[in-house]
Amino acid sequence: MIRTFGVTADSQLEMDFPLEDLNKKPFDWYWVDFDQPTPEEWALLDSFFHFHPLTIEDCLDRLQRPKVDYYDGYQFFVVHALNAQTLEAEELDIFVGKNFVVTFHHSSVDELDLVRKKLQRDASFWERGSVYAMYQILDKVVDSYFPIVHKIEDHLNEIDDKMSFDMKHFSMDTVFNMRSDLLWLRRTILPMSDLIYRVLNSSRFDLQKHEYTYFADISDHLVKLAEIVESNRELTADIRDSYMAMNSNRMNRIMMILTIVSSIFIPLTFVAGVYGMNFKNMPELEMKNGYFFALGAMILIGLSMLAWFKHKGWMSLFKQ
Amino acid sequence: MIRTFGVTADSQLEMDFPLEDLNKKPFDWYWVDFDQPTPEEWALLDSFFHFHPLTIEDCLDRLQRPKVDYYDGYQFFVVHALNAQTLEAEELDIFVGKNFVVTFHHSSVDELDLVRKKLQRDASFWERGSVYAMYQILDKVVDSYFPIVHKIEDHLNEIDDKMSFDMKHFSMDTVFNMRSDLLWLRRTILPMSDLIYRVLNSSRFDLQKHEYTYFADISDHLVKLAEIVESNRELTADIRDSYMAMNSNRMNRIMMILTIVSSIFIPLTFVAGVYGMNFKNMPELEMKNGYFFALGAMILIGLSMLAWFKHKGWMSLFKQ
Amino acid sequence: MIRTFGVTADSQLEMDFPLEDLNKKPFDWYWVDFDQPTPEEWALLDSFFHFHPLTIEDCLDRLQRPKVDYYDGYQFFVVHALNAQTLEAEELDIFVGKNFVVTFHHSSVDELDLVRKKLQRDASFWERGSVYAMYQILDKVVDSYFPIVHKIEDHLNEIDDKMSFDMKHFSMDTVFNMRSDLLWLRRTILPMSDLIYRVLNSSRFDLQKHEYTYFADISDHLVKLAEIVESNRELTADIRDSYMAMNSNRMNRIMMILTIVSSIFIPLTFVAGVYGMNFKNMPELEMKNGYFFALGAMILIGLSMLAWFKHKGWMSLFKQ
Amino acid sequence: MIRTFGVTADSQLEMDFPLEDLNKKPFDWYWVDFDQPTPEEWALLDSFFHFHPLTIEDCLDRLQRPKVDYYDGYQFFVVHALNAQTLEAEELDIFVGKNFVVTFHHSSVDELDLVRKKLQRDASFWERGSVYAMYQILDKVVDSYFPIVHKIEDHLNEIDDKMSFDMKHFSMDTVFNMRSDLLWLRRTILPMSDLIYRVLNSSRFDLQKHEYTYFADISDHLVKLAEIVESNRELTADIRDSYMAMNSNRMNRIMMILTIVSSIFIPLTFVAGVYGMNFKNMPELEMKNGYFFALGAMILIGLSMLAWFKHKGWMSLFKQ
Amino acid sequence: MIRTFGVTADSQLEMDFPLEDLNKKPFDWYWVDFDQPTPEEWALLDSFFHFHPLTIEDCLDRLQRPKVDYYDGYQFFVVHALNAQTLEAEELDIFVGKNFVVTFHHSSVDELDLVRKKLQRDASFWERGSVYAMYQILDKVVDSYFPIVHKIEDHLNEIDDKMSFDMKHFSMDTVFNMRSDLLWLRRTILPMSDLIYRVLNSSRFDLQKHEYTYFADISDHLVKLAEIVESNRELTADIRDSYMAMNSNRMNRIMMILTIVSSIFIPLTFVAGVYGMNFKNMPELEMKNGYFFALGAMILIGLSMLAWFKHKGWMSLFKQ
Ligand SMILES: [Mg+2]
Ligand SMILES: [Mg+2]
Ligand SMILES: [Mg+2]
Ligand SMILES: [Mg+2]
Ligand SMILES: [Mg+2]
Ligand SMILES: [Mg+2]
Ligand SMILES: [Mg+2]
Ligand SMILES: [Mg+2]
Ligand SMILES: [Mg+2]
Ligand SMILES: [Mg+2]
Ligand SMILES: [Mg+2]
Ligand SMILES: [Mg+2]
Ligand SMILES: [Mg+2]
Ligand SMILES: [Mg+2]
Ligand SMILES: [Mg+2]
Ligand SMILES: [Mg+2]
Ligand SMILES: [Mg+2]
Ligand SMILES: [Mg+2]
Ligand SMILES: [Mg+2]
Ligand SMILES: [Mg+2]
Ligand SMILES: [Mg+2]
Ligand SMILES: [Mg+2]
Ligand SMILES: [Mg+2]
Ligand SMILES: [Mg+2]
Ligand SMILES: [Mg+2]
Ligand SMILES: [Mg+2]
Ligand SMILES: [Mg+2]
Ligand SMILES: [Mg+2]
Ligand SMILES: [Mg+2]
Ligand SMILES: [Mg+2]
Ligand SMILES: [Mg+2]
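Calculation criteria
- Residues numbered from 1 in each chain as written.
- Chains lettered and ligands numbered in written order.
- Predicted model: local features only at pLDDT ≥ 70, side-chain atom pairs only at ≥ 80, totals over all residues.
- Heavy atoms only, no water.
- Donors = N, O, S within 2.8 Å, 3.2 Å for Na, K, Ca; no water.
- Helix = DSSP H or I, 4+ residues; strand = E, 2+ residues; numbered from the N terminus.
- Buried < 20%, exposed > 50% of the residue type's maximum accessible area, 1.4 Å probe, protein only.
- Salt bridge = Lys/Arg side-chain N within 4 Å of Asp/Glu carboxyl O.
- Contact = heavy atoms within 4.5 Å.
- Buried area = accessible area lost by both parts, 1.4 Å probe.
- Nonpolar A, V, L, I, M, F, W, Y, C, P; charged D, E, K, R; others polar.
- Least-squares fit on C-alpha atoms with pLDDT ≥ 70 in both.
- Patch = residues over 30% accessible without salt bridge, like charges linked within 9 Å, V, L, I, M, F, W, Y side chains within 5 Å.
- Areas by Shrake-Rupley, 256 points an atom, 1.4 Å probe, with all protein chains shown as cover.
- Lys, Arg positive; Asp, Glu negative; His and termini not counted.
- Charge placed at Lys NZ, Arg CZ, Asp CG, Glu CD.
- Expected span 1.5 Å × (residues − 1).
- Arc of directions from axis to C-beta.
- Pairing = 2+ DSSP bridges.
- Axes fitted to C-alpha atoms, helices over the stretch in contact; angles between N-to-C directions.

A. Highlighting the coordination of the magnesium ion (ligand 22). Looking at the magnesium ion (ligand 22), the protein donor atoms are D:D217 (OD) and E:D58 (OD), and they sit 2.0 to 2.2 Å from it. Here the magnesium ion (ligand 23) and the magnesium ion (ligand 22) are spaced 5.1 Å from one another. Placement of the pair is D:D217 in helix 9 (residues 209-274) and E:D58 in helix 3 (residues 53-60), with the two residues belonging to separate chains. Here D:D217 and E:D58 have matching classes, each one buried.

Laid out in structure tokens, this is it:
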């Protein structure tokens, strides 16, 4: 579907007019949105707008890296919107010229509806032209990253806070899945941040001072997002290491219990086994207090073992 | 609450006057502090001061990243004060113009009281103007980071020093919590350091030579703080790795004890079990010295096992 | 084998003519391909083309690092094609002058056939000259990296997605082999990316604006490839760490089972052993209900142990 | 204590004269050393020398980060001497002007005595002026780092070389302590290296060509020290990882022994236990060769288990 | 020993003449090699050549870091040759002036013989002057690194390839020793690479265009060496992690076997122990089929345990 939006020379807003009107009427500026276009509509990028073949190739191939390229008469942006459910990056291609914006995307991008609604609200918005529209699109796309990133951050901080006293109520699986999600998000956020940085610092894209301020605001957000992502990647690594340290500790305690029990009873069982043998001639068995001497010896052996483990500091583990 | 502080053209200090006086009297410079302001007071940022909408948005949204933006007639700073109890960053927004400072914060920031007290102490202080007031605020905010960071550093050094000879009296939990705190502190300290660096090196913020010296002093402190934080993050990692190495060593020793005890007594118990069987026809049982031969064989087996473990170097673990 | 390709002054395409024709006829530009050449053919680099001895040394030594060197009248490129089966890098050396391209390679490089086919398809292609031919070669070489890298990425994402709920159906061996392959690919992709970056930014290689656009497109691809490789290296590390955490968890559970079973039955077996001893005088054995008291005591001991393990939270592992 | 050192206009050396003489006689250049000064002596920094309040603050606060600041008429250096016993950094503050050096330190700094002795040895030294004295101080301070760093390096190389064939004669504790020391040394060496780098490259500190050569020599040493420290930090990590790999290997071997012994004898003991039961009616017990059949079965079971372990390749561990 | 090599004004080569001839005859350029010189010969650096004291200090102190310093009339290089057996770095100091080269080394450096032989082969070589001789020395020194680095790389790739299917035939010891060697090699290769980079990019060392090409060729080699070293350091880390994962897996399997055997037979042995007790009144013992009931119960218990382990998926480990 192709959606049009234009501001005429006398500052009137027109919407959803046929593409051919662009050649007939004088527009101050216009915005054409290729929303999940058909192959017939793809062809218009070349036949109607005459964009460079490399940009059209980038539109049609899915998931280019976020970037900006400079052509005569327009800039070509590739930006990534994020699907909040799947965290999939969805490519949005934007051509910005002095008096036009053309957007192109294979999946639906809700942020464009928000921009459209904002622009049509008041003439003071729709009169600001194509760079302002472009700013609005980038702003909404980047704003939509925040709930995704903050959800992960909040979940991780919650796990980090409670893990010290209660290891049962969370699973490392969740942590590793979030770590994997953060890696994925970084592949969108870092190139987006580079892109805006290049817009701000390139001499080829000459922003007015007030436009500069707006793009700098987006840059702030992306720098902050990149910091959160990096910082939370480190936090997942710390949680993992903390988990491994606790596990290793717990393993030590489990093995200590097994070793104490085995080391005490296996020798005693051997002694009992000796006096359970059926040899004819075993003098101890005939002794009157043989049994009691044997019991006493066993208790002595057991207590010695216990004392040795206590001396080694192992008994503390039964107190905790 | 809005707190005012002004120096009149004849170098008199006035405090806590109504905001409207700023339009009536000529002030050399003034400082307006929005201390945990109400929404009605928020509105003054726009209606009275006419600050840029993006700066007002940053004031109202909580926890922007520390940064500095340049506008016509003023600079806009976002800085982070740290809550010493929770280590939470608390945003403090500062507008600095040639003859004014406006501060804005949602939580109480004690450092501002310190600055106010210092400035009102002597005319030599209050006559230095808005950039000096700004320096005082930044200086006090950054100074308040030190006790927080040093407390963690001292605790970690203490753990590091004693962990080699006594693993019982500290918990890895504490170390991991400090590691997590350091990660959090870094998210305040690094952007603050960037901010001051940009103030020092930007041509847009033209500092007098003596002002430069003061901001360079704050920069020193932030660089040192950043170094301590990074260095202590590495120290926590080293403590963790050291702990894991000790744990793995201890596990080896625990398992050696279990293996020695089991390997000696399980075969002996088997021999005793054999002669405990009730078969009618077991010639050994009838032998006169059968029992003593059996005992001797058992002692021989046990000693051979011991000798083998001694040969393997395992017996040293009973000496330690 | 030496394969020639030339465009004459009157825009005719000639192919597979003898090398000596280059001196006889005027060519607009030509391309000479040394395809797995014999030592006699090697000699032509010096005797016929008079290339610099250092470039010839680089051609003959196998596997130089990707790079570009600038000489009077030509640039010398070393690029790496990848063998899709073995992931081996195969060196392709390219000399590019104003009106010629000379390629040299010890193994067969399929991408060159693709370029040759594309160029001979239409005069609009073969008339574009040597830099365009060079672009086509680099483009095809870099395009051939994608299926290799994407195959690894897809396989890793599949493992990452299913590993949380089912650890049996993949092997860490596969993951480590892919990690090793990624390390190897990086040794081709990073220097290739540097190479194109230097072509784009060097003042010595003065590209026309439209040529610049084409090389920038290759640069995009290499940056994206480098990002995928780095990101997947991190993913393999995350999968490995996740695997280690699961393994350590599983080990804990195995040891818990062993400890529970041993701690319950070893003491009971000892008690049974005591009453299996053959001492003449063992009063309990003579008691009427001795056996039942003993059984009761054993059940009591067993249940106490179970209760203690339940209290410790260990019994949950039999439910899962 | 305040120690003075001055070269008069006629190239005479004077030492330990009262501070007031500096105002009375014309000195070519002089050096005043505040050696562990009293608070009364501190005051002279302000009252006699009129240094900037921020530099005095840095002198009095302990352990500033190494740095250099530029003031009108002098540079202010903070450098760190290292205490060879404790590895503690000891702050040494240096003011260098065209015709004076003022040093200030709370602990004794032996390197200053070395410099003093060198300078007073010959007029050719004491005539070189304040920058040469400054160079001598920095040189001696940095030279004193080498024995400390080399001692750690040698010890680590020794451990690294012998650890492969003999794990008993070193302790990981030592390695972790050296790792912690290296972290600490880095906090002195890296900022010192930055400091010299800034001296060499700053336009504000205009060194003569021959002076440049001397400071470049110190810079060499610091770069080498920084490399040794980093490289040895990595070596400690490698030793730790090597130790963990050996430990994990050893654990495997310990558990294999336990598993082999237990898996062979526990089933056999069970069989013996069965024929040790006291049921009235147990036909096997009455058989003439029952005992020998039972023994044979047990030997068969034991050998089968052994064969299975041998098949698994476990038996090799008894050979080593 | 001092070895001389000179080209006279009429392009004649003279060798091994006394040092004093340099003052008597006019030489186009000359090369003096201090090969493992005596202290008397050391003195000539100062008395005959008048080199700067700092360069002489660097010659006499062993193992300076590779570097280049610029003096009036000459450059001073410190480079490292590698001893192929011990991997020890051996310092080679080179002074290069417009018409001379002076080399100084405490150990024998074979590469210098190669250079000497090459230069004396043909007038076309010996006429190229001191910078060409210098290039030949650096080239031969760097070429000698390759066999050392490639030997390690090949060995590691071999281990990496076969480790997945056969863990017995290599030792982690070898891997850790190679990792340690790579760390050591890096300490030579990285500073050598910096050195050549500075030669290429410094304005103070003005190379002719054709000289530039030669030094760029050495730079290529060092960049490639640095890449191999880094890449192989990562490979050793990957092999180590892979080894740890396999070890942890193997440990799990060992413990599973122990747990299965113990969990089945320890309870059964207990049951046998109960009926081996000698109580007078044990009704079961008197039952006609008591023994067979007991055997049946034991078989039932054993099979239940087996079924539970099978249900848990543990039995698969006996198949592999
Ligand atoms: Mg992507
Ligand atoms: Mg996952
Ligand atoms: Mg994923
Ligand atoms: Mg903002
Ligand atoms: Mg924001
Ligand atoms: Mg945040
Ligand atoms: Mg923040
Ligand atoms: Mg925590
Ligand atoms: Mg936290
Ligand atoms: Mg200071
Ligand atoms: Mg400080
Ligand atoms: Mg410190
Ligand atoms: Mg290569
Ligand atoms: Mg492999
Ligand atoms: Mg490989
Ligand atoms: Mg493209
Ligand atoms: Mg692409
Ligand atoms: Mg991708
Ligand atoms: Mg310090
Ligand atoms: Mg320690
Ligand atoms: Mg310490
Ligand atoms: Mg030196
Ligand atoms: Mg040195
Ligand atoms: Mg070194
Ligand atoms: Mg690690
Ligand atoms: Mg060295
Ligand atoms: Mg070693
Ligand atoms: Mg070594
Ligand atoms: Mg080469
Ligand atoms: Mg090479
Ligand atoms: Mg290679």
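B. Examining the pattern of salt bridges more closely. As enumerated under the stated definition, the model contains 95 salt bridges over all chains in all. E:D241 serves as the salt-bridge partner of C:R240, at 2.9 Å between the closest nitrogen and oxygen. Of this pair, C:R240 sits in helix 9 (residues 209-274) while E:D241 sits in helix 9 (residues 209-274), on two different chains. Accessibility expressed as a relative area gives 15% for E:D241, which makes it buried. Here E:D113 makes a salt bridge to E:R3, at a shortest N to O gap of 2.9 Å.

C. Seen up close, the interface of chain B and chain A. At the interface, 56 residues of chain B touch 53 residues of chain A. Buried surface at the junction of chain B and chain A, summed over both partners, amounts to about 4,800 Å²; 58% is from carbon and sulfur atoms. Counting residues per element, the ones that place at least two in the side of chain B that touches chain A are helix 4 (53-60), strand 4 (67-71), helix 9 (172-201), helix 10 (209-274), helix 11 (283-286) and helix 12 (290-311) of chain B. A total of 19 residues in the side of chain B that touches chain A trace back to one element, the largest contributor, which is helix 10 of chain B. Among the residues making up the side of chain B that touches chain A, the classes are represented as 30 nonpolar, nine polar and 17 charged.

D. Up close: the relation of the copies chain B and chain D. Laying chain B over chain D is done by rotating through 72° and shifting 0.1 Å along the axis; what remains is an RMSD of 0.1 Å. Here the symmetry operator amounts to a five-fold rotation axis. It is B:G276 whose C-alpha, among those of chain B, lies nearest the rotation axis, at 4.8 Å.

E. Just a negative patch on the surface, in detail. All names here are of chain A. On the surface, a cluster of negative charge is made up of D10, D28, D122 and E127. Mapped onto the fold, D122 is located in the loop between helix 4 (110-121) and helix 5 (123-126). Note on D122: relative accessible area 37%, which makes it partly exposed.

F. Region of the structure containing helix 11 (residues 290-311) of chain C. Compared with an ideal rise of 1.5 Å per residue, which puts 22 residues at 32 Å, helix 11 of chain C spans 31 Å between its outermost C-alpha atoms and is within 8% of the ideal. C:G290, C:Y291, C:A294, C:M298, C:G302 and C:F309 are the residues of helix 11 of chain C that are buried. Burial along helix 11 of chain C is one-sided: seen end-on, the buried residues are contained in an arc of 110°. Those residues of helix 11 of chain C that are exposed and aimed more than 90 degrees away from the buried face are C:F293, C:I299, C:L300, C:L303, C:K310 and C:H311. Buried positions along helix 11 of chain C lie against helix 9 and helix 10 (283-286) of chain C together with helix 9 and helix 10 (283-286) of chain E.

G. Representation of the sheet that holds strand 3 (residues 27-35) of chain D. Residues and elements named next belong to chain D. Ordered in space as 2-1-3-7-6-5-4, the seven strands form an open sheet in which the pairing is mixed. Of all the strands in the sheet, the pair left with one neighbour each is strand 2 (13-15) and strand 4 (67-71). The average angle at which neighbouring strand axes cross in this sheet is 15°, direction not considered. Where strand 4 lies against strand 5 (residues 74-82), five bridges are found, and the strand directions are antiparallel. Residue pairing across strands places K67 opposite V78, the latter belonging to strand 5. The strands touched by helix 3 (residues 53-60) are strand 4, strand 5, strand 6 (89-97) and strand 7 (100-105); relative to strand 6, the strand with the most contacts, the crossing angle is about 155°.

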